[in-house]
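Secondary and tertiary structure notes
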Amino acid sequence: MKTYKLWALFFIANCLNSVNLLAQPKNINTYAVVIGISVYKSPGIPQLNFAASDAKLFADFIKSGGAGKTIPENIRTFYNEEAHIAALYQALEWLKLKAKRNDRIFIYFAGHGDQESLKDKGQGYLLAYNSPRFNYRNNALSISYLNSVANELSIKNNAQVF
């Protein structure tokens, strides 16, 4: 519990220190995809106690304007069973369509991450609600895909990604 909350506080403090988020011109928007999964469909994946509630706290922070002005339509939240793999990929594609120059993008994930096998050492995955215990390549959010989304948002769209 303490580790999750400390990490969330560190993340928020780091974001606030790196950019003056409160001084935001009118034509800049803040977007967020917030994911918190405490309960997993697969019995082989251990349940977590505070992931969904930590994600809800982060979403509340974004909604409060603490990370720059935003409107409810610019925040996508996924908690537990809402966080199925198709919804997560769709939300990241939505970010790529919406983000424009200098917009602020937050991607927050609280849940399990894993590697499928020792042979696949370089590839990590964030597990969705409906990810099976194995076969992550087709059923979980790959870290390499997440990195490519962040790169596209920051390079092609000229957005700030946190």
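Presented here is a report on the structure given in the accompanying data block. Worth saying up front: this structure is predicted, and the values here are computed from it rather than measured. (Residues numbered from 1 in each chain as written. Predicted model: local features only at pLDDT ≥ 70, side-chain atom pairs only at ≥ 80, totals over all residues. Heavy atoms only, no water.)

Moving on, we come to the overall build of the protein. What the protein contains, in helices and strands, is 5 helices and 7 strands. Secondary structure elements of the protein, listed N to C terminal, follow the sequence α-β-α-β-α-β-β-β-α-β-α-β. Each of the 162 residues in the protein was classed as buried or not, and the buried ones make up 46%. Considering only residue pairs separated by 6 or more positions, the protein has 68% of its internal contacts joining residues 24 or more positions apart. Accessible surface, the protein: about 8800 Å² in total, of which carbon and sulfur atoms supply 56%. (Helix = DSSP H or I, 4+ residues; strand = E, 2+ residues; numbered from the N terminus. Buried < 20%, exposed > 50% of the residue type's maximum accessible area, 1.4 Å probe, protein only. Contact = heavy atoms within 4.5 Å. Areas by Shrake-Rupley, 256 points an atom, 1.4 Å probe, with all protein chains shown as cover.)

Once that is clear, we can look at the sheet that holds strand 7 (residues 160-161). Pairing within the open sheet is parallel, and its 4 strands lie in the order 2-1-3-7. The open sheet is flanked by strand 2 (75-79) and strand 7, the only strands paired with a single partner. Across 5 bridges, strand 1 (residues 30-36) lies against strand 2 in parallel orientation. Within strand 2, the residue paired with V33 across the bridge is R76. (Pairing = 2+ DSSP bridges.)

Before going further, it helps to examine the sheet that holds strand 4 (residues 113-114). Across the sheet, which stays open at both edges, the 3 strands sit in the order 4-5-6 with antiparallel pairing between neighbours. Unpaired on one side and paired on the other, strand 4 and strand 6 (141-142) mark the two borders of the sheet. Of the pairings in the sheet, the one linking strand 4 to strand 5 (residues 125-126) comprises 2 bridges and is antiparallel in character. Within the sheet, the bridge partner assigned to D114 lies in strand 5 and is Y125.

Among the structural elements, H112 can be located in the loop between strand 3 (104-110) and strand 4. Polar contacts involving the side chain of H112 include one to the main-chain carbonyl oxygen of P46, which spans 2.8 Å. Once residues within four sequence positions are removed from consideration, H112 is found in contact with Y40, I45, P46, L48, Y125, L126 and L127. (Polar contact = N/O pair within 3.5 Å; in protein donor to acceptor, adjacent residues only side chain to side chain.)

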